[in-house]
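What follows is the residue order along each chain.
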Amino acid sequence: QVQLVESGGGLMQPGGSMRLSCAASGSSFSIIAMTWYRQVPGKQRELVAGITSGGSTSYADAVKGRFTISRDNAKNTAYLQMNSLKPEDTAVYYCNADAWVATMRRVSSWGQGTQVTVSS
């Protein structure tokens, strides 16, 4: 019912900046909240940042002061601005959407992920 597509990943040197995008699409839905996660092979998926439709935000301690989550409700798109990138930020970044769909069901949808690599 809700499809998510992440984009903006790639290779960046330490100290650099990148912006990830997560675009939601579907026939009829209403986003409750969108959240960014990241995962490194062999480790648990980690919550990075979240934002509600009303604009309330939250961040993991590891990214506070460096990452900023935002959204464009008209475009059903969430963004993750990543500054002062560190090698430990390297991971696959996933977008999650908590949403109401036309069938009056609350669903949780995941994108395919986008690779972010921070290396010299």
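Look up a bit, the structure's there.
Bear in mind that the values here come from a model prediction, so they are computed numbers and not experimental data.

About the cut-offs
Counting from 1, residues in each chain are numbered in the order their sequence is written. With the structure being a predicted model, the display of local features is reserved for residues of pLDDT at least 70 and the display and counting of side-chain atom pairs for 80 or more, all residues being used for whole-chain, interface and lining totals. Side-chain metrics in this entry use all non-hydrogen atoms of the structure; hydrogen atoms and water are not considered. Secondary structure elements follow DSSP: runs of H or I of four or more residues count as helices, runs of E of two or more count as strands, with numbering from the N terminus. For every residue, the accessible area obtained with a 1.4 Å probe (protein chains only) is divided by the maximum for its type, and the residue is called buried under 20%, exposed over 50%, and partly exposed between those limits. Whenever two N or O atoms come within 3.5 Å, that pair is a polar contact, provided that in protein one can donate a hydrogen and the other can accept it, and provided that, for residues adjacent in sequence, both atoms are side-chain atoms. Any two residues whose heavy atoms approach within 4.5 Å are treated as being in contact. By this definition, two strands are paired if DSSP reports at least two bridges between them.

Draft legend 1. Seen up close, the side chain of Asp-89. Its location among the elements puts Asp-89 in the loop between strand S8 (77-82) and strand S9 (91-101). Residue Asp-89 is classed as buried on the basis of its relative accessible area, which comes to 0%. Polar side-chain contacts of Asp-89 include one of 3.0 Å to the side chain of Arg-38. Excluding residues that lie within four positions of it along the chain, Asp-89 makes contacts with Arg-38, Arg-66, Phe-67, Ser-84, Val-116 and Val-118.

Draft legend 2. Representation of the pairing of S9. In terms of residue burial, S9 counts as a mostly covered element, since 10 of its 11 residues are buried. Taken together, the 10 bridges between strand S4 (residues 29-39) and S9 define a ladder with antiparallel strand orientation. Within S9, the residue paired with Tyr-37 across the bridge is Tyr-94. Bridge count between S9 and strand S11 (residues 114-118): 3 bridges; the pairing is antiparallel. The residue bridging Ala-91 from the neighbouring strand is Val-116, located in S11. As defined by bridge partners, S9 adjoins strand S10 (residues 106-110) across 5 bridges and the pair is classed as antiparallel. Paired with Ala-99 across the bridge in S10 is Val-107.

Draft legend 3. Examining the environment of Leu-11 more closely. Among the structural elements, Leu-11 can be located in strand S2 (residues 10-12). Since its relative accessible area comes to 63%, Leu-11 is described here as exposed. Sequence spacing of Leu-11 and Val-116 is 105 residues, and the spatial spacing of their C-alpha atoms is 6.2 Å. Once residues lying within four places of it in the same chain are set aside, the contact partners of Leu-11 are Thr-117 and Ser-119.

It is worth stressing that arrangement in space is one thing and function is another; only the former is reported here.
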